[in-house]
Amino acid sequence: PSSAASDVYKRQLPWPGHISVADLPTLTVEVAAKAARSFPDGTGLGWDKLHPKSVLRCGDEAILAFVRILILAETLGHWPQLVGSVIICLLPKDDGGRRPIGLLPMAIRWWMRMRLDVVRTWQTQHERPYFYAGKLKGATVAAWKQAACAELATASDMFHYAAVLLDLVKCFERVPLDWLVRQGKRYSYPMAILRLCIAAYRIGRAIG
């Protein structure tokens, strides 16, 4: 990896002195099973070759044991060493080149799906009309709205219109993690979830 990429892994992050998991909804066997069932059958598999739905073949006691490991990971703020690595798949793009897609280990993907409702609640509470990364507000919606405004301005003498379009190339890979932590504190993001998500981003990677 480049020196900039290596710095992402080594940099100390400004976490609060105490991060509590007490405010998070309790993870239960029912929550875990519902999250596992939500994955499509054809979802990509990580290095462990485990589909999240495969845990449904286990009994409740085994699922509960797994859930307790995830709760411990939330409490400690890092993943067990044996959770594995992220497999980077290089998918061909229509216009040439390849797009890297990271396949996380099953345990991490399963946990993220369990905590999705918490994150969605936070996002709803902090919604802004100019954000286009939420539900029913993808990039195409933003583009069509701007196109409609431009057409209206062209057909009418009532108002003027101008637009600036920014293409965020490699946006997610370039966000400084320490800045992300500071913004999480500023906007009351669930810090236990943020800490474990960043820990997932910092585990080892391999191109497959």
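Details of the structure are given in the entry above.
Residues numbered from 1 in each chain as written. Predicted model: local features only at pLDDT ≥ 70, side-chain atom pairs only at ≥ 80, totals over all residues. Heavy atoms only, no water.

**Q** Just to check I follow, could you spell out the sheet that holds strand S1 (residues 86-92) for this structure?
**A** Pairing between sheet strands relies on hydrogen bonds along the backbone, with the strands arranged either parallel or antiparallel. On the basis of which strands lie adjacent, the open sheet formed by 3 strands has the order S2-S1-S3 and mixed pairing. A single partner strand is all that each edge strand has here, and the edge strands are strand S2 (98-103) and strand S3 (205-207). In this sheet, neighbouring strand axes are inclined to one another by 30° on average, regardless of whether the strands run parallel or antiparallel. (Pairing = 2+ DSSP bridges. Helix = DSSP H or I, 4+ residues; strand = E, 2+ residues; numbered from the N terminus. Axes fitted to C-alpha atoms, helices over the stretch in contact; angles between N-to-C directions.)

**Q** How should I be thinking about helix H3 (residues 60-76) in this particular structure?
**A** Residues spaced three or four apart along an α-helix point in a common direction, a consequence of the helix completing one turn every 3.6 residues. Over its 17 residues, H3 runs 24 Å from end to end, which matches the ideal 24 Å to within 8%, given 1.5 Å per residue. Of all the residues in H3, the buried ones are Ile-63, Val-67, Leu-70, Ala-73 and Glu-74. Buried positions in H3, seen along its axis, are confined to an arc of 110° and lie on one side of it. Of the exposed residues in H3, the ones pointing more than 90 degrees away from its buried face are Glu-61 and Arg-68. Looking at the buried side of H3, the elements it contacts are helix H2 (29-37), helix H4 (106-114) and helix H8 (191-201). Looking one or two residues past H3, Gly-77 carries a phi angle of roughly 90°, positive in sign. (Expected span 1.5 Å × (residues − 1). Buried < 20%, exposed > 50% of the residue type's maximum accessible area, 1.4 Å probe, protein only. Arc of directions from axis to C-beta. Contact = heavy atoms within 4.5 Å.)

**Q** For this particular structure, what's the right way to read a nonpolar patch on the surface?
**A** On the surface, a cluster of nonpolar side chains totalling about 340 Å² of accessible area is made up of Leu-152, Met-158 and Phe-159. Residue position: Met-158 is located in the loop between helix H6 (139-155) and helix H7 (177-186). (Patch = residues over 30% accessible without salt bridge, like charges linked within 9 Å, V, L, I, M, F, W, Y side chains within 5 Å. Areas by Shrake-Rupley, 256 points an atom, 1.4 Å probe, with all protein chains shown as cover. Salt bridge = Lys/Arg side-chain N within 4 Å of Asp/Glu carboxyl O.)

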